[in-house]
Each structure stands twice: as C-alpha cells, then as structure tokens.
Amino acid sequence: MKKFLIAPLFFAVLIGRAQKPVKESSAISHPKLVVGIVVDQMRWDYLTRYYPLFQANGGFRRMLGDGFSFDNTQIPYVPTVTACGHTCVYTGSIPALHGIVGNNWWDNRLQKGMYCSEDKSVKGVGSKTEEDGQMSPKNMLTTSVCDELRLASNFASKVIGIAIKDRGAILPAGHSANAAYWYESKTGNFISSTYYMNELPGWVQQFNGRKLPDSLYRLGWKTALPAATYSLYSSADDKAYESKPFGKEALGFPYDLSKFVGKDYSKISSTPWGNTLTAEMAKAAVLAEKLGQGSATDFLAVSFSSPDYIGHSFGPNSWENADDYVRLDQELGKFFQFLDAQLGAKSYTVFLTADHAVAHIPGYLKENRIPGGLLDMSGMMKDMNLQIKQRYGIDNAIASIMNEQVYLSRKRMDTSKADVVEIKNFIVQYLLKEENITHAFSSDDVLITPLPKVIREMYANGFHPSRSGDISFIPKPGYFIGGSTGTTHGSPFQYDTHIPLLWYGWGIKKGSSNKMVYMTDIAPTVAALLRIQAPNGNVGNVLDDALLTETGKAHK
C-alpha cells in the first residue's frame, strides 16, 4: 500500500516544480454575489419614457450609465405571463422544455387544473392557511442557473429567492435553493414551505415581527413628485377604465391606506410599498445569511411583484404606474448602496429584466383612436360543448379554456368513436367566427399555420404536449380577454414581449446594443460569467457584448 502512494505524491511534486508560479491578482476572480432582479410587468420603453424622472443616484440611471443595456430584448414564446417569464429567465429554456406553460394550466395526464408552483406533498412554514404554503419548484422540469451554481460549487454557494408572489420566488431559485420566501396576504408575513425547511429562521421571524406592512400603510400613498409632473407623462389621474383596488371611493391620489392596518394585508401588493417590503426582506437576507461573505459566489433572486398589481389595475399610462417606477428607481438605488457598503462596489453582479410587459388598457386606446378592445368569451366554452354534444355525442368535450388555448378532455376523446381531427376543425372554425379573433389553429398544425415565422415559433416554443391546449387562438393586436377596467398581458405582440435587460457590476462593461436578443440568453450569460455549466434545458446564447474577462478585456 505504501509503495502505491509514493508514485502519485512524487508525480505531484514534479508537476509543482514544472509549473510556473501564478501571480495572485488584486482583483477578485468571481463576483461575491449575483443578484437577479425581475420587475414583474415592466415594458422596455419605461426606461426611456420615465428617464427624466429617475434620480442621479437611483437604480435605473446607475445601471444605464455604468452597466450594459440590451435595448431589443424579446420573449421567444407564448403565453407571456409571470410563471413562464421567471422560469425562462433563470433556465434559459422555453415552456416546451421546462414545462411551466402558464401561471395555471390544464394537465392533460392528470385531467385537472394545475397551478405552476403547487405541491400538495409539502406543507407551509409560517403560513396561516394550508393553500398558501403548499408550494415548491416541483413542476419545473429543468434546472435553473441557480441549481447549476449550487452543483458547480459542491453546494457551497447559497441561493435564496424572495418575492411577494410565490412563483416569483420559487421558480427562479430552482430545485436546490437554500430557501425561497414569499408573502402571505392573509397575515402580512413572509412564509416558506417544508420543501426548504421545517421552521422559519429566526431572522425571518424577526422580520415578520416588525410588522412593516402596517408601518407602510400608515404612510399612505402620495405622489413622490409634484402632481404637475405626472400630467406630462400620463393621462388624467382618475379614469373610468382604471380599476379601484383600494375601494370604489378611492378615486386617485392621495390614497389613504391606514384603514387596512391590521385588517387587509393584500392591498400593499398594489402599492409601491410592496417593492419597499421586498427590498427590505432582501437586505435582511443578505445580512442574516451572510450572502457574498463566503468563498463561493452566492445568488439572490429577487422579484418585484407590485408593478404587476399596479399595472393590471391602472395601466401603463397612469399616474400610479409612473409613481411606482419613480419610487422603484429610488428603492433600487438604496439597495445598490446597501450592497456597496456590505460587499464593496463592483464586487457583485446584477441583472435586471422583466417576466413580461403589458398592453395598454383598451379604454385608453379607444380614447386616443387606436384600435383595441375586449374579446367576449362569456359562454363560449358552454356553447361549444353544447354544439359538440349535438354533433358528435360527446358530453363536456372541452375540459378548459385558458392561456388562449382550448383543452379537449383527453379521456372523453379516447373513449369516443368521434373523429378528433374533425372536432378540432369544428372548434377552429367556431373561433374564427369571433370578430376579434384573427387566427385559430390546432396545436398539431402550429408550424404550418400561415403566420409570420417568428410568431409560429413562439407558439411552438410555448407548447408542451401534456400541459398545453389542443387549439390556440390569437386575438387582434390591442385586444384581450378581460373586464371593462384594467389591463393584462400574454400575447405574442411587442407590447407584451419587449422587455428591459440591464447588466451591472463585476464582469460587466459599459455600453448598449440594439441587436435582437432573447430572454433565454440571460441564464447562459450568467453561467458564462461564473464559468459554470448552463442549465440543462438551455436554448439561449451567451451575450458576449456585455461581458469582461477577469483582466478587463472583452471576451472574444
């Protein structure tokens, strides 16, 4: 045994003598921390539209001035919704592979509706209700870049996800995350699940004990800038086509939120204070978990959910939306200052993007003589099922309609002697009779449907056989399924697919580019920066334009 050990030892000594000594660099060889920021429902044009309102020391101007901006970043699939977007950003993959085909979908194998993060095998930790806590990344079929970082570091890297929405915290952090925390609107607390832990850490309990939502409610919501400023960027403060999330009597600024103290913790999500709450939770995580203090790179995945709640209610052209981004700019600026103080400037890397953008409210479009409107889907499923029963003798042939897709009951189709192709053709023709639907097609025919190639590919990229519908339909641009107030997203059109992508910090050079890049390019770029494997479902490309090597020279 001793003779066996001598040879390798002698060989190692020879190698050590043969190698030239390596000079230690004064610069760190990897970022201490990567911070991924997803702004839920951010259109790219907000960066230019609101630029004059951003502060010199705010987050957006800092990233635009000292970082790299890809100004033509697109989403390469449909539906353009929250769960798909967060998953795509961190996996570099598409719904066809990672399996998150919507916030909700009809599972064709299980024959039931599914929520993207639901996991009935786990229990909530710190939650008041069972439903709020039964969440995990189980339904995501690929790794995220956070998983790959954990694997590459032999699990020395810490990964934590934080958001108001459970899906905004869970899906980015991946399968192997140390923790994910999301907001429970019934209690005003951040919670988790037994997928990650059996008890909330002491620092989270202390954070919840501060009752920040009550303190923030007492501040109310007033405009951060003089009211006259907002009239330059938005329509009138109160519009009939805006929703009223704070009550019918709350018709515009200022909003009195004190009535919700101790009573309704859901309303904070529809204010900029939801961003403040998220940022404070992120800071607490950095301090308590000592993120960026170890030998390996850590990862903090933060999603700001409030812009989505505000955008849905008030729309892109509202005072509320403008004020939210003014305040988010301030919040990000303070967060970066905090990271500078804790870790050192330029010792961490940040990217900022969005999970999707958003359409203008149809009422606003009509007000300005631009085409737009609502798609009336009331009774459509019931009527189609009735006609299919009369024609083909099948009860409830359509199991569900969601994500602008029609799901057939696979079980009923399998036991029926009817021609499934004929039934699909009937549904397609039925949908095409609707005035505000421009296209409808069987999922089997997506690549031969007469549409622009880029649109066809978006539908193909969004299709997963066991989780997607049998027929897809496309409303006219500017039209969507919804109510008379507020707006939404999900379409293949630019107003939903054009998102920001900013990079800043360690390993990032200054600049900008107008070349078309994709949401799928984010994860492989982070992987290249960290010199780790890209996620296992990745289809994106490395964005070399933004990256520096350790010596400060651009990658070739």
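A brief report on the enclosed structure follows. (Residues numbered from 1 in each chain as written. Predicted model: local features only at pLDDT ≥ 70, side-chain atom pairs only at ≥ 80, totals over all residues. Heavy atoms only, no water.)

## Here we look at the overall build of the chain
The line we're drawing: Helix numbers and strand numbers start at the N terminus; a helix is a DSSP run of H or I with at least 4 residues, a strand a run of E with at least 2. Radius of gyration here uses only the C-alpha atoms, and the compact-globule reference equals 2.2 Å multiplied by the residue count raised to the power 0.38. Buried means the residue's accessible area, taken with a 1.4 Å probe over protein chains only, is under 20% of the maximum for its type, while exposed means over 50%, and partly exposed covers the values in between. What makes two residues a contact is simply this: any of their non-hydrogen atoms within 4.5 Å. What sets the accessible areas is the Shrake-Rupley method with a 1.4 Å probe; for residues, cover comes only from the shown protein chains.
When you go through the chain residue by residue, the secondary structure sums to 21 helices and 21 strands. At 25 Å, the chain has a C-alpha radius of gyration in line with the 24 Å of a compact globule built from 556 residues. If you line up the chain on its principal axes, its C-alpha atoms span 85 × 65 × 45 Å. Classification of the 556 residues of the chain by burial places 59% in the buried group. Of all intrachain contacts in the chain linking residues separated by at least 6 positions in sequence, the fraction that spans at least 24 positions is 74%. Element-wise, carbon and sulfur atoms account for 53% of the exposed surface of the chain, whose accessible area totals about 23,200 Å².

## Notes on the packing of aromatic side chains
Rules: Paired rings are identified among Phe, Tyr and Trp, the last through its six-membered ring, by centres lying within 6.5 Å, and are further divided according to the angle between planes into stacked (under 30 degrees), edge-to-face (over 60) and tilted (the rest). To sit over a ring, a charge needs its Lys NZ or Arg CZ within 6 Å of the ring centre and within 35 degrees of the ring normal.
Throughout the structure, instances matching the rule amount to 29 aromatic pairs. Each ring, one from Trp221 and one from Phe246, has its centre 6.2 Å from the other, and the planes form 85 degrees; the classification is edge-to-face. A residue pair is termed long-range when its members are at least 10 positions apart, and Trp221 in the loop between helix H10 (212–219) and helix H11 (227–230) and Phe246 in the loop between H11 and helix H12 (273–288) qualify at 25 residues. This pair shows no difference in class: Trp221 is buried, exactly as Phe246 is. Grouped by ring-pair contacts, the aromatic residues Trp221, Phe246, Phe253, Tyr255 and Phe314 constitute a single cluster. Just above the ring of Tyr479 sits the side chain of Lys476; from NZ or CZ to the centre is 5.6 Å.

## Describing the nonpolar core
What counts, and what does not: Definition used in this section: a nonpolar core is a set of buried Ala, Val, Leu, Ile, Met, Phe, Trp, Tyr and Cys residues joined via side-chain atoms within 4.5 Å.
Counting 131 residues, the largest nonpolar core has Phe60, Tyr181, Phe299, Leu300, Leu339 and Trp503 as the members making the most contacts within it. Per-element tally for this core: the top contributor is helix H14 (residues 319–343), with 11 residues. For Leu339, the contacting residues outside a window of four places in its chain are Leu33, Val35, Val286, Gly344 and Tyr348. Residues Met384, Phe426, Ile427 and Ile437 belong to the second largest nonpolar core, which totals 23 residues.

## Thoughts on the sheet that holds strand S11 (residues 348–354)
What counts here: A pair of strands is considered paired only if DSSP assigns at least 2 bridges between the two. Here the axes come from fitting lines to C-alpha atoms, over the contacting stretch only for helices, and the angles between their N-to-C directions go from 0 to 180 degrees.
Pairing within the open sheet is mixed, and its 10 strands lie in the order S6-S9-S8-S7-S10-S1-S11-S19-S2-S20. Here the strands that pair on one side only, and so sit at the sheet edges, are strand S6 (124–125) and strand S20 (511–513). Strand direction decides the pairing type here: strand S8 (residues 179–184) and strand S9 (residues 189–193), joined by 3 bridges, are antiparallel. Bridging from a neighbouring strand, Tyr183 pairs with Phe190 of S9. Sitting on the sheet, helix H4 (residues 82–91) is in contact with strand S1 (33–39), strand S10 (298–304) and S11, with an inclination near 150 degrees to S1. Of the strands in this sheet, S8 and S9 touch helix H9 (residues 202–209), which is tilted by about 150 degrees from S9.

## Comments concerning the pairing of S9
Burial within S9 is extensive, with 5 of its 5 residues counted as buried. Side-chain alternation along S9 places Asn189, Ile191 and Ser193 on one buried face and Phe190 and Ser192 on a second face that is also buried. Sheet topology note: the S6/S9 ladder contains 2 bridges and is antiparallel. Within the sheet, the bridge partner assigned to Val125 lies in S9 and is Ser192. Taken together, S8 and the strand that follows it, S9, pair antiparallel across an intervening segment of 4 residues, in which Gly188 is found at a positive phi of about 75 degrees.

## Let's talk about the pattern of salt bridges
Pairing between side chains of opposite charge can happen when their charged atoms approach one another. Counted only if it meets this: Salt bridges are counted wherever a side-chain nitrogen of Lys or Arg sits within 4 Å of a carboxyl oxygen of Asp or Glu.
Overall, the coordinates contain 20 salt bridges when judged by the stated rule. When the shortest N-O distance is used, the salt bridge between Lys186 and Asp132 registers 3.5 Å. Here Lys186 is found in the loop between S8 and S9, whereas its partner Asp132 is found in helix H6 (residues 130–133), with 54 residues between them in sequence. One salt bridge connects Asp308 with Lys165, and the closest N-O pair in it is separated by 2.8 Å. Of this pair, Asp308 sits in helix H13 (residues 306–314) while Lys165 sits in the loop between strand S7 (159–163) and helix H8 (166–173), placing them 143 residues apart in sequence.

## Regarding helix H18 (residues 420–432)
In plain terms, the rule: A helix's residues, less one, multiplied by 1.5 Å, set its expected span. Definition of a polar contact: a pair of N or O atoms within 3.5 Å, with one able to donate and the other able to accept a hydrogen when the atoms are protein atoms, and with sequence-neighbouring residues admitted only if both atoms are side-chain atoms.
For H18, spanning 13 residues, the distance from its first C-alpha to its last is 18 Å, which sits close to the expected 18 Å at 1.5 Å a residue. Those residues of H18 that fall on the buried side of the exposure criterion are Ile423, Lys424, Phe426, Ile427, Val428, Tyr430 and Leu431. Of the surrounding secondary structure, the elements contacted by the buried residues of H18 are helix H16 (380–392), strand S13 (398–402), strand S14 (405–408), helix H17 (410–415), strand S15 (437–442) and strand S16 (471–475). The N-cap of H18, judged by a side-chain oxygen 3.0 Å from the amide nitrogen of Val421 a few residues on, is Asp419.

## Observations regarding the packing of H16 against H18
Rule in force here: Orientation is classified from the angle alone, with under 35 degrees giving roughly parallel, over 145 giving roughly antiparallel, 65 to 115 giving roughly perpendicular, and any other angle giving oblique. The sense of a crossing depends on the near helix, which, turned anticlockwise from the far helix by less than a right angle, makes the crossing left-handed and, turned clockwise, makes it right-handed. Only Asp, Glu, Lys and Arg are considered charged in this grouping, and only Ala, Val, Leu, Ile, Met, Phe, Trp, Tyr, Cys and Pro are considered nonpolar; every other residue, Gly among them, is considered polar.
It is the contact of H16 with H18, at a shortest axis distance of 11 Å, that shows an interaxial angle of 140 degrees. On the basis of their axis angle, the class for H16 and H18 is oblique. Crossing of H16 over H18 shows right-handed handedness. Residues Met380, Asp383, Met384, Gln387, Ile388, Arg391 and Tyr392 of H16 touch H18, and the partners they reach there are Glu422, Ile423, Phe426, Ile427, Tyr430 and Leu431. Here the contact of H16 with H18 is composed, by residue class, of 9 nonpolar, 1 polar and 3 charged.

## Observations regarding the packing of H13 against H14
Two elements in contact, H13 and H14, have axes separated by 9 Å at closest approach and are oriented at 165 degrees. Considering their axes alone, H13 and H14 lie roughly antiparallel with respect to each other. Seen from above, H13 lies across H14 with left-handed handedness. Contacts between H13 and H14 involve Pro307, Ile310, Gly311 and Phe314 on the former and, on the latter, Glu320, Asn321, Asp324, Tyr325 and Leu328. In terms of residue class, the contact of H13 with H14 is made up of 5 nonpolar, 2 polar and 2 charged.

## Here's the deal with the pairing of S16
Each regular strand carries side chains that alternate between the two faces of the sheet. Within S16, 5 of the 5 residues are buried, which leaves the element mostly enclosed by the surrounding structure. Here S16 shows two buried faces, one formed by Ile471, Phe473 and Pro475 and the other by Ser472 and Ile474. In this sheet, S16 lies alongside S14 in antiparallel orientation, the contact comprising 2 bridges. Bridging across to S16, Gln405 finds its partner in Ser472. Strand direction decides the pairing type here: S15 and S16, joined by 5 bridges, are antiparallel. For Ala440, the partnering residue across the bridge sits in S16 and is Phe473.

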